[in-house]
Amino acid sequence: MQWAFWLGFLMTASALLHGYFWMRCVRDCQLPDRVRRFSAWLAAAVTILLPCTFLIRRHLVQPLDSYIFLALMVWLSSLYFLVCLRLIAEIIPAGLRLRSFFKKQDYDPGRRLFLSRALAAGTLTIGAPALIYGAYKGMEDPEVLEVIVKLEKLPKGSQGFTIVQLTDLHVSAWTSDAFVERIVDRTNALRPDVIAITGDLVDGGPDIILPKIKYLEKLHARCGSYFVTGNHEYYVGFSEWLPVLQKLGLNVLSNRGESIADTIHLAGLPDPAAFRGFDGGGPDIRRALEGRPEHLPAVILAHQPRAVFESAAAGVDLQLSGHTHGG
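Caption draft 1: Just the overall build of the chain, in detail. Along the chain, the regular secondary structure elements total eleven helices and eight strands. Considering only C-alpha atoms, the chain reaches an extent of 75 × 50 × 40 Å along its principal axes. Here the chain holds 327 residues, and the buried ones make up 40% of them. Computed over 33 positive and 31 negative side-chain charges, the inter-centroid distance for the chain is 10 Å.

Caption draft 2: View of the packing of aromatic side chains. Considering all chains together, one arrives at two aromatic pairs under this definition. Ring geometry for F227 against F238: centres 6.5 Å apart, planes inclined by 15°, an arrangement best described as stacked. With F227 in strand β3 (residues 225–228) and F238 in helix α9 (residues 238–247), this pair connects stretches of sequence that are eleven residues apart. The two residues F227 and F238 agree in class, both being buried.

Caption draft 3: The arrangement of the sheet that holds strand β8 (residues 318–320) in detail. Pairing is mixed across the open sheet formed by four strands, whose spatial order is β5-β6-β7-β8. Across the chains shown, the open sheet's two edge strands, defined by having one partner strand only, are β5 (256–260) and β8. Averaged over all pairs of adjacent strands, the angle between their axes in this sheet comes to 20°, without regard to strand direction. Here β5 runs beside strand β6 (residues 264–269); their pairing, made up of five bridges, is antiparallel.

Caption draft 4: Focus on unusual backbone geometry. Look at D200: it is not a glycine, yet its phi comes out positive at around 50°. Of note, D200 is situated in the loop between β2 (194–198) and α7 (206–213). In this structure D200 comes out as buried when scored by relative accessible area, which is 2%. Despite not being glycine, N255 shows a phi value in the positive range, around 55°. Relative to the assigned elements, N255 resides in the loop between β4 (250–252) and β5. In this structure N255 comes out as buried when scored by relative accessible area, which is 7%.

Caption draft 5: How the structure looks around the side chain of D200. Within the structure, the side chain of D200 is placed 2.9 Å from the backbone nitrogen of H232, a separation counted as a polar contact. Non-local contacts of D200, meaning those with residues more than four positions away in its chain, are made with D168, L169, H170, G230, N231, H232, E233 and H303.

Caption draft 6: Region of interest: the pattern of salt bridges. Within the structure shown, the criterion is met by twelve salt bridges. A salt bridge links R36 to D33; its shortest N-O distance comes to 2.5 Å. Taken together, the residues R36 and D33, both in helix α2 (residues 33–56) and three residues apart, mark about one turn of the helix. The partner of E140 in a salt bridge is K137, and the shortest N-O contact between them spans 3.0 Å. Residue E140 is classed as partly exposed on the basis of its relative accessible area, which comes to 30%. The class of K137 is partly exposed, set by a relative accessible area of 34%. If you follow the salt bridges from partner to partner, you end up with R24, R27, D28, R86 and E90 in one network.

Caption draft 7: Structural context of the side chain of K212. Counting through the fold element by element, K212 comes out in helix α7. Taking relative accessible area as the criterion, K212 reaches 14% and is therefore assigned buried. At a separation of 2.7 Å, a polar atom in the side chain of K212 contacts the main-chain carbonyl oxygen of T175.

Caption draft 8: View of a nonpolar patch on the surface. Together, L60, V61 and L64 make up a nonpolar patch on the protein surface, roughly 250 Å² of accessible area in all. Residue position: V61 is located in the loop between α2 and α3 (64–89).

Caption draft 9: Region of interest: the pairing of β6. Along β6, six of the six residues are buried, which leaves the element largely enclosed by surrounding structure. In β6, alternate side chains face the same way, and those of I264, L266 and G268 on one face and H265, A267 and L269 on the other are all buried. Between β5 and β6, which pair antiparallel and follow one another directly, the connecting turn spans three residues, one of which, A261, has a positive phi of 50°. Across five bridges, β6 lies against strand β7 (residues 298–302) in parallel orientation. Each bridged residue has a counterpart across the sheet, and for L266 the counterpart in β7 is V299.

Cut-off values and rules
- Residues numbered from 1 in each chain as written.
- Predicted model: local features only at pLDDT ≥ 70, side-chain atom pairs only at ≥ 80, totals over all residues.
- Heavy atoms only, no water.
- Helix = DSSP H or I, 4+ residues; strand = E, 2+ residues; numbered from the N terminus.
- Buried < 20%, exposed > 50% of the residue type's maximum accessible area, 1.4 Å probe, protein only.
- Lys, Arg positive; Asp, Glu negative; His and termini not counted.
- Charge placed at Lys NZ, Arg CZ, Asp CG, Glu CD.
- Phe/Tyr/Trp six-rings, centres within 6.5 Å; stacked < 30°, edge-to-face > 60°.
- Pairing = 2+ DSSP bridges.
- Axes fitted to C-alpha atoms, helices over the stretch in contact; angles between N-to-C directions.
- Polar contact = N/O pair within 3.5 Å; in protein donor to acceptor, adjacent residues only side chain to side chain.
- Contact = heavy atoms within 4.5 Å.
- Salt bridge = Lys/Arg side-chain N within 4 Å of Asp/Glu carboxyl O.
- Patch = residues over 30% accessible without salt bridge, like charges linked within 9 Å, V, L, I, M, F, W, Y side chains within 5 Å.
- Areas by Shrake-Rupley, 256 points an atom, 1.4 Å probe, with all protein chains shown as cover.

In structure tokens:
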């Protein structure tokens, strides 16, 4: 029944996005009848095809499957962004209607049409360059951001202990092999004590992605490399990835922790997506911190920042998360 839930969810989301965009950027702009009819049928067709494609793409051969998935993601994310912009712009006509109501004036149809066309044009004029810029930035290598963290429990003599955090790399079928190699080389050049990968490492199965992330076995940190799952690991089948990641030298922390170099106690939480029946289990801060020495600062790896409330209540000293892509 899980597939039926996701199919219904995708169909509803697709219908709402396409329907709203068509109403505001086609119908309200009073484009020619032929354009309105064609775009309405096109929106309806895409609304139906998008969810269905998610179901049938697993039966397609590579690289066709990956490129279809890429096209779907680009279209849905672009449409979602444009719809969000147009929703924000609803403030303007809402304000004008409110003013007309209080002044007992009719809302001029001519002004309404002009405003609808202006808002549609503005949405596309602002949205298109923003999407292009976002895609360009998304394909760049991650920046190195140095953050100094002061921990009261850090033992004397342990100052300068470094953790390199890698998160949300989303390595997929269309990611270049050189991308992962550059990330690994830059990470090793920082000479870290610990490397922490906080989820959403892969977007695809091992049969497709393994050749691209195999270079991760070259990661080197004085005290080891550690990994916690993100939501995307469960979407692509974490049970298949677990032994692969372990062979690459990554210590997977799933509701457990380790004391490292008598400096920190490092623990990890699986992503909440594990609750939704993907591979069982789920985040459990109590289990993750079992056996931690009280004299060492507790550092927890959790893909989603929302775990911070439970972490704070449990006395965690530092939480490292990803998921938001800097947002």
